[in-house]
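Read off the chains here:
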Amino acid sequence: MEGGQPVPSPLVPLGNVSSDSSMSLEQKTTFVFVILLFIFLGILIVRCFRILLDPYRSMPTSTWADGLEGLEKGQFDHALA
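Here the residue numbers are simple positions, counted from 1 along each chain's written sequence. Totals for whole chains, interfaces and linings use all residues, but because this is a predicted model, local features are given only for residues with pLDDT of at least 70 and pairs of side-chain atoms are given and counted only at 80 or more. Hydrogens and waters are ignored; side-chain quantities use all the structure's heavy atoms.

Trainee: Would you mind going over the overall build of the protein in detail, with residue names and values included?
Mentor: If you tally the helices and strands in the protein, you get 1 helix and 0 strands. In this scheme, a residue with accessible area under 20% of its type's maximum is buried, one over 50% is exposed, and one in between is partly exposed, where area comes from a 1.4 Å probe on protein chains only. The buried share of the protein, taken over its 81 residues, is 1%. With residues, only the protein chains shown are counted as cover, and all accessible areas are computed by Shrake-Rupley using a 1.4 Å probe. Just so you have it, the protein exposes about 8,100 Å², and 66% of that area is on carbon and sulfur atoms. Numbered from the N terminus, helices here are DSSP runs of H or I no shorter than four residues, and strands are runs of E no shorter than two.

Spelled out as structure tokens, the structure:
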């Protein structure tokens, strides 16, 4: 460092932004939106880990062939015509 003074980072805004009252409405709205996104991300991560740990719990017990009434289960490809 030349002169012994630290170089201010462009990512850190200058001024007193340490108190909540100095934040503008746009900054507060952005902060709340980012917090909600982090909460949503956390919920998704927990849900994905639960599916990875027990994948068969979330699957339905019925299969696609249960809904076929007049067709045999092995003759599905003939019904497409």
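Now that the structure is up, let's keep going.
Trainee: Explain the UniProt feature "transmembrane region" (unreviewed entry) in the protein residue by residue, including any values.
Mentor: Per the UniProt record, the feature "transmembrane region" (unreviewed entry) sits at residues 31-53. Counting secondary structure, residues 31-53 comes out at 100% helix and 0% strand; the distance between its end C-alpha atoms is 33 Å. UniProt positions are given in the numbering used here, feature names are shortened, and annotations may be inferred rather than shown by experiment.

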